[in-house]
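Listed below, chain by chain, are the residues.
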Amino acid sequence: MGHEEELGLRLEHYTQTSQQPTGGPAYFDSVQVVPDLSATMLMVTYSFNY
């Protein structure tokens, strides 16, 4: 990399788990209102001055 250049790298992993709410309408007993989520993200950045 030159004097006025920058290279960045970021790796993230995100996991979200949920529990079914209790005490709600019976309809929600069979529906997953908030699904579980898992994501992996890779970001590469490059910047320079010209």
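Refer to the preceding data block for the structure.
**Things to note about the overall build of the protein**
- Scanning the protein from N- to C-terminus turns up zero helices and two strands.
- Taken across its 50 residues, the protein has 0% of its residues classed as buried.
- Contacts in the protein between residues far apart in sequence, at least 24 positions, make up 68% of those at least 6 positions apart.
- About 4,800 Å² of surface is accessible on the protein, with carbon and sulfur atoms providing 57% of the total.

**A short note on the packing of aromatic side chains**
- The final tally for this structure, using the stated rule, is two aromatic pairs.
- Relative to F48, the ring of Y46 has its centre 5.6 Å away and its plane inclined at 35°; by these criteria the two rings are tilted.
- Residue F48 is classed as partly exposed on the basis of its relative accessible area of 47%.
- Members of the aromatic cluster, joined through ring pairs, are Y46, F48 and Y50.

**A word on the pattern of salt bridges**
- Under the definition given, this model contains one salt bridge.
- Among the salt bridges present, the one from E12 reaches R10, with a minimum N-O distance of 2.9 Å.

**Topic: the pairing of strand β1 (residues 5–16)**
- Of all twelve residues that make up β1, zero are buried, and the element is exposed over most of its length.
- As judged from the twelve bridges shared by β1 and strand β2 (residues 37–48), these two strands associate in the antiparallel manner. Bridging across to β2, T15 finds its partner in S38.

Criteria and cut-off values
- The numbering scheme is per chain: residues are counted from 1 as the chain's sequence reads.
- The predicted origin of the model limits local features to residues at a pLDDT of at least 70 and limits the giving and counting of side-chain atom pairs to 80 or more, whereas totals for whole chains, interfaces and linings rest on all residues.
- Side-chain numbers come from the whole structure's heavy atoms, not from hydrogens or water.
- Runs of E in the DSSP output that reach at least two residues are strands. Runs of H or I that reach at least four are helices, and both are numbered from the N terminus.
- Three labels apply to residues, based on accessible area from a 1.4 Å probe with only protein chains included: buried if under 20% of the type maximum, exposed if over 50%, partly exposed otherwise in between.
- Contacts are residue-level and defined by heavy atoms, with any inter-residue pair within 4.5 Å sufficient.
- Using the Shrake-Rupley algorithm and a 1.4 Å probe, accessible areas are obtained, with residue cover drawn only from the displayed protein chains.
- Whether two aromatic rings pair depends on their centres lying within 6.5 Å, for rings of Phe, Tyr and Trp, where Trp uses its six-membered ring; planes under 30 degrees apart make the pair stacked, over 60 edge-to-face, and the rest tilted.
- One speaks of a salt bridge when a side-chain nitrogen belonging to Lys or Arg is within 4 Å of a carboxyl oxygen belonging to Asp or Glu.
- Two strands qualify as a pair provided that DSSP identifies no fewer than 2 bridges between them.

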